[in-house]
Amino acid sequence: MARGAVNPEQLKAALAAVSNWLRDETAAPPARPELAAAVRTTARTLAADAPGSSVEVRVPPFVAVQCIEGPRHTRGTPPNVVETDPRTWLLLATGLLTFEAALESAALTASGSRAAEVARWLPVAQL
């Protein structure tokens with residue numbers, strides 16, 4: 001497996017643990033460890049699929065990854081940032097929500113000229 005790659009079985013298991021909640025907003029939310037695992041594995045899958053350092057994807061409080069080839073930032077706030085909550089991220093990562101719809105609803109913020117390039121790499125997995 002390539003450096004930084006996520007084991008496909010781990011990704012599948014992590015998403016299975018949160019799939020009911022993603023498909024049904026009224027379902028009981030997953031436990032924090034399951035939510036954290038799903039967010040981290042999907043974000044790390046994005047970083048492995050789209051290696052680089054020009055865009056930072058933040059899903060507080062669980063993870064921040066850099067992805068997409070281009071200029072690398074070394075200090076301070078990066079010029080291209082995508083940030084969202086865990087549920088919105090997982091909906092994006094699984095294709096249950098589009099980047100554009102998340103942006104329009106203000107569930108996601110994308111700053112910088114290259115931030116929207118993340119949409120090209122989504123979804124990272126299917127439910």
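Counting of residues starts from 1 at the beginning of each chain's written sequence and follows it residue by residue. The model is predicted, so local features are restricted to residues of pLDDT at least 70 and side-chain atom pairs to those at 80 or more, both for listing and for counting; the totals for chains, interfaces and linings are taken over all residues. With hydrogens and water set aside, each side-chain value is computed from the structure's full complement of heavy atoms.

**Student:** Explain the nonpolar core to me, using residue names and the numbers behind them.
**Tutor:** Nonpolar cores are built from buried Ala, Val, Leu, Ile, Met, Phe, Trp, Tyr and Cys residues. Side-chain atoms within 4.5 Å join them into one set. Each residue is assigned to one of three classes by its accessible area relative to the maximum for its type, calculated with a 1.4 Å probe on protein chains only: buried under 20%, partly exposed between the two thresholds, exposed over 50%. In this structure, V39, V57, C67, V82, W89, L90 and V118 are the most contacted members of the largest nonpolar core, which totals 37 residues. Those elements that place two or more of their residues in this core are α1 (8–16), α2 (19–23), α3 (32–49), β1 (55–59), β2 (63–67), α4 (86–93) and α5 (99–104). Strands are runs of DSSP state E lasting at least two residues, helices are runs of H or I lasting at least four, and both sets are numbered from the N terminus onward. Among the elements that line this core, the one with the most residues is α3, at seven residues. The contact criterion used throughout is that any non-hydrogen atoms of two residues lie within 4.5 Å. Excluding residues that lie within four positions of it along the chain, L90 makes contacts with L15, V18, W21, L22, L35, A38, V39 and T42.

**Student:** A description of the packing of α3 against α4 should follow, citing residues and the corresponding values.
**Tutor:** One can describe the packing of α3 onto α4 by two numbers: an axis separation of 10 Å at closest approach and a directional angle of 50°. Taken together, the axis directions place α3 and α4 in an arrangement best described as oblique. For the crossing formed where α3 meets α4, the hand is left-handed. Facing L35, A38, V39, T42, A43 and L46 of α3, the residues of α4 in contact are P86, W89, L90 and A93. In this description, a line fitted to the C-alpha atoms serves as the axis of each element, helices being fitted only across the stretch in contact, and the angle between N-to-C directions of two axes falls anywhere from 0 to 180 degrees. Each angle gets one of four labels, with under 35 degrees taken as roughly parallel, over 145 as roughly antiparallel, 65 to 115 as roughly perpendicular, and the rest as oblique. If you view the pair so one helix is near and one far, a crossing is left-handed when the near helix is turned anticlockwise from the far one by less than a right angle, and right-handed when it is turned clockwise.

**Student:** For the sheet that holds β2, give the residues involved together with the corresponding values.
**Tutor:** Read from one edge to the other, the open sheet built from four strands follows the order β2-β1-β3-β4, with strand pairing classed as mixed. The open sheet terminates on both sides in strands that have one partner only, identified here as β2 and β4 (108–111). Averaged over all adjacent pairs, the angle separating strand axes in this sheet is 15°, with direction ignored. Across four bridges, the pairing between strand β3 (residues 81–84) and β4 is antiparallel. Across the sheet, the residue bridging to V82 is A110, located in β4. Docked against the sheet, α3 engages β1 and β2, running at close to 10° with respect to β2. Should DSSP find at least two bridges between two strands, the strands are regarded as paired.

**Student:** How would you summarise the packing of aromatic side chains if you had to cite specific residues and measurements?
**Tutor:** Aromatic pairs are defined between Phe, Tyr and Trp rings, using the six-membered ring for Trp, whenever the two ring centres lie within 6.5 Å; interplanar angles under 30 degrees are classed as stacked, those over 60 as edge-to-face, and all others as tilted. Evaluated as defined, the whole model comprises zero aromatic pairs. Remark: a charge is flagged as sitting over a ring if the NZ atom of Lys or the CZ atom of Arg is within 6 Å of the ring centre and within 35 degrees of the ring normal. Of note, R87 hangs over the ring of W21, and the distance from its end group to the ring centre comes to 5.3 Å.

**Student:** Quick one: what's the story with the pairing of β3, residue by residue and with numbers?
**Tutor:** Here is the key point about a regular strand: its side chains alternate between the two faces of the sheet. Two strands pair when backbone bridges link them, and β1 and β3 are joined in this way by three bridges, in the parallel orientation. The residue of β3 that forms the bridge with E56 is V81.

**Student:** Could you give an account of the environment of P78, naming the residues involved and the relevant values?
**Tutor:** Tracing the backbone shows P78 in the loop between β2 and β3. Accessibility expressed as a relative area gives 7% for P78, which makes it buried.

**Student:** Can you explain unusual backbone geometry? Please cite residues and give values.
**Tutor:** A cis amide bond links P60 to the next residue, P61, at an omega of 5°. Positionally, P61 belongs in the loop between β1 and β2. A cis amide bond links L122 to the next residue, P123, at an omega of 0°. Tracing the backbone through its elements, the reader meets P123 in the segment after β4. Unlike most non-glycine residues, I68 shows phi in positive territory, near 70°. By secondary structure assignment, the location of I68 is in the loop between β2 and β3.

Keep in mind these values describe shape, not function.
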